[in-house]
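The primary structure of each chain is shown beneath.
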Amino acid sequence: MNNTVCPKCGKPTTKLFQGRCKECFLENFTLAEIAPVLHAKMCATCGARNVKNKWVDHGSLEEIVIHTAEDALFVHEMAEDIELYIEPRAQTPYLYKVHIEVDALLLDEIFHQELETEVRVVRESCDMCSRISGGYFEAIIQIRATNRIPDDEEKQECINIANTVLERLVNKGDRLAFISSSLEIKEGTDLYVGSSNAARHICKEINSRLGGTFTESASLQGRKDGKDVYRITFSLRLPEFMPQDIIEYKGRIIEIRKFSKNVTGMDVETGARFTATPDDVQGATLITKRKDLPKTMLVAIENEDLMVLDPDTYETVTVKKPVMFSAEPGTEIPVVKTEKGLLAIADIS
């Protein structure tokens, strides 16, 4: 093996590192450096973490501490095949001591260095919570219904659907997917939504599940960074009739099962399937909702007839047995009073 002499210290060496022996090279060489104190940001309201100047909702606090240390760590630009070992040790809920070990290949030699730093967790308000607290919104969803006022149950279902959609969008990284406020008015409910994209997804999901339509209209609010800023109003119309509504349509008693692009249901008298378009059923009359149906005693079953008590007079009357009827005498069954008389309703549970 050929030896050479280090021009700085004069010692023999088998290899020079940038013109010096390994010992002389290492005197002024630093493989890695990190500041003694670092800061990691966490939202005091929702717990979101700030990673590389971007607020995210996933990751444990320890993971954020590790990411903070990784981002702040400087490794020599000539290093290759870098391997890191980072161990955070919690001192308090918001203070971590971090031990770091760095292994890297440099000038055909493996170098190892150990470092210590401290990560302090700073609690502040994230972009989303700041906007929510400030009442920020880009869109308004006006929840209404055709030819009627939506009831509390329907409005709450719309809000539940909206929250499900928003949670899905937030998980995909949409930090404007939130409802900053809501307003109850006589005609329905107004939802103030952080982004028009989120509002549009909400309207589509509500229409898909409950039926109805929605339209958009934009109004200019001003300019920002040289661009026009618009606020969009979504006019959401729930259908005139909802699933489990019992209506009178052209002399037929129909229980609505689904109301979307098409209206489907069942003829209460015959059990026949009913299909129409939303325009077809305009002008139909709402008799009642299934949840509001009175119940009466089933006295007896005779072939295709039922003997029941009239819920008003308590007289025994005969009605036709519905399709898919499974109740037993002595139990209570739902009934509806119409111009055609008393009709029994099959249980859908």
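Reading the values: rules and limits
- Residues numbered from 1 in each chain as written.
- Predicted model: local features only at pLDDT ≥ 70, side-chain atom pairs only at ≥ 80, totals over all residues.
- Heavy atoms only, no water.
- Phe/Tyr/Trp six-rings, centres within 6.5 Å; stacked < 30°, edge-to-face > 60°.
- Helix = DSSP H or I, 4+ residues; strand = E, 2+ residues; numbered from the N terminus.
- Buried < 20%, exposed > 50% of the residue type's maximum accessible area, 1.4 Å probe, protein only.
- Lys NZ or Arg CZ within 6 Å of the ring centre and 35° of its normal.
- Domains from an automatic or database assignment.
- Contact = heavy atoms within 4.5 Å.
- Salt bridge = Lys/Arg side-chain N within 4 Å of Asp/Glu carboxyl O.
- Pairing = 2+ DSSP bridges.
- Axes fitted to C-alpha atoms, helices over the stretch in contact; angles between N-to-C directions.
- 1 Å grid on protein atoms, 1.4 Å probe; cavity = no way out; pocket = protein on both sides within 12 Å on 5 of 7 lines; lining within 4 Å.
- Points joined across faces, edges and corners; volume = space filled by probe spheres on them.
- Nonpolar A, V, L, I, M, F, W, Y, C, P; charged D, E, K, R; others polar.
- Expected span 1.5 Å × (residues − 1).
- Arc of directions from axis to C-beta.
- Core = buried A, V, L, I, M, F, W, Y, C linked by side-chain atoms within 4.5 Å.

Trainee: Describe the packing of aromatic side chains, with residues and values.
Mentor: A full pass over the atoms with the stated rule returns three aromatic pairs. Aromatic pair Phe 137 and Tyr 192: ring centres 4.9 Å apart, planes at 80°, arrangement edge-to-face. Note that Phe 137 is positioned in the loop between helix H3 (127-133) and strand E11 (139-145) and Tyr 192 in strand E13 (residues 188-193), a separation of 55 residues in sequence. As far as burial versus exposure is concerned, Phe 137 and Tyr 192 are alike and both buried. The ring of Tyr 136 has Arg 131 sitting right over it, with the charged end atom 5.2 Å from the ring centre. Note that Arg 231 overlies the ring of Phe 137, its terminal NZ or CZ placed 3.9 Å from the centroid.

Trainee: I'd like a rundown of the domain arrangement of the protein chain, residues and numbers included.
Mentor: Segmentation of the protein chain into domains returns domain 1 (31-124), domain 2 (135-238) and domain 3 (293-348). Measuring from the centre of the C-alpha atoms in domain 2 to the corresponding centre in domain 3 gives 43 Å.

Trainee: Lay out the environment of Pro 294 in plain terms, naming residues and giving numbers.
Mentor: When you line up the elements, Pro 294 lands in the loop between strand E20 (285-289) and strand E21 (295-302). Once you skip the residues sitting within four places of it in the chain, Pro 294 turns out to touch Ile 333, Pro 334 and Val 335.

Trainee: Any chance you could break down the pattern of salt bridges for me, citing the residues and the numbers?
Mentor: Tallying each qualifying case throughout the model produces 17 salt bridges. Asp 267 is the partner of Arg 252 in a salt bridge, and the nearest nitrogen-oxygen pair spans 3.0 Å. Taken as a pair, Arg 252 in strand E17 (residues 252-259) and Asp 267 in strand E18 (residues 263-267) lie far apart in primary sequence, 15 residues in all. Under the relative-accessibility criterion, Asp 267 is labelled buried at 4%. Across the salt bridge formed by Arg 290 and Glu 255, the nearest N and O atoms sit 2.7 Å from each other.

Trainee: Would you mind going over the sheet that holds strand E19 (residues 273-276) in detail, with residue names and values included?
Mentor: Spatial ordering of the open sheet is given by E19-E18-E17-E16-E20, a layout of five strands whose pairing is antiparallel. Of all strands in the sheet, those with a lone pairing partner are E19 and E20, marking the two edges. On average, adjacent strands in this sheet sit at an angle of 35° to one another, irrespective of strand direction. Pairing of strand E16 (residues 245-249) with E20 involves four bridges; the strand directions are antiparallel. Within E20, the residue paired with Ile 246 across the bridge is Thr 288.

Trainee: Give a detailed account of the layout of surface pockets, specifying residues and quantitative values.
Mentor: Within this model, the largest pocket holds a volume of roughly 240 Å³. As for the largest pocket, its lining consists of Asp 151, Glu 153, Glu 154, Glu 157, Leu 210, Met 242, Pro 243, Gln 244, Asp 245, Lys 289, Arg 290 and Lys 291. It is helix H4 (residues 152-171) that provides the largest number of residues to the lining of the largest pocket, a total of three residues. Looking at the lining of the largest pocket, its residues break down into three nonpolar, one polar and eight charged.

Trainee: An account of helix H2 (residues 61-72) is requested, with residue identities and associated values reported.
Mentor: With 12 residues, H2 ought to run about 16 Å at 1.5 Å a step, and its terminal C-alpha atoms sit 17 Å apart, in line with that. Those residues of H2 that sit buried are Leu 61, Ile 64, Val 65, Thr 68 and Ala 69. Buried residues of H2, viewed axially, fall in a sector of 140°; they line one side. The secondary structure elements touched by the buried residues of H2 are strand E4 (37-43), strand E5 (49-51), strand E8 (80-92), strand E9 (95-106) and strand E10 (109-124).

Trainee: Run through the nonpolar core, naming residues and quoting values.
Mentor: In this structure, Leu 31, Leu 73, Val 98 and Ile 100 are the most contacted members of the largest nonpolar core, which totals 27 residues. Contacts of Val 98, omitting those with residues within four sequence positions, involve Val 65, Ala 69, Ile 86, Glu 87, Pro 88, Leu 115, Glu 116, Thr 117 and Val 119.

Trainee: Explain the pairing of E9 residue by residue, including any values.
Mentor: Relative to E9, E8 runs antiparallel, the two sharing 10 bridges. Residue pairing across strands places Tyr 85 opposite Glu 101, the latter belonging to E9. Count of turn residues in the E8/E9 antiparallel hairpin: two residues. Where E9 folds back onto E10 in an antiparallel hairpin, the turn is made up of two residues, including Leu 107, whose phi is positive at roughly 55°.

Trainee: Go over the sheet that holds strand E23 (residues 316-320) with me, naming the residues and quoting the values.
Mentor: Sheets are built from strands paired through backbone hydrogen bonds, the pairs being either parallel or antiparallel. What the five strands build is an open sheet, ordered E23-E22-E21-E24-E25; its pairing is antiparallel. Each end of this open sheet is capped by a strand with a single partner; those strands are E23 and strand E25 (341-344). This sheet shows a mean twist of 45° between the axes of neighbouring strands, independent of strand direction. Across five bridges, strand E22 (residues 305-309) lies against E23 in antiparallel orientation. Bridge assignment links Asp 305 to a residue of E23, and that residue is Lys 320.

Trainee: So, the side chain of Thr 264: which residues are in play, and what are the values?
Mentor: When you line up the elements, Thr 264 lands in strand E18. Thr 264 gets classed as buried once you look at its relative accessible area, which sits at 16%. Those residues within four positions of Thr 264 in sequence are excluded, and the remaining contacts are Ile 256, Arg 257, Lys 258, Arg 273, Phe 274 and Thr 275.

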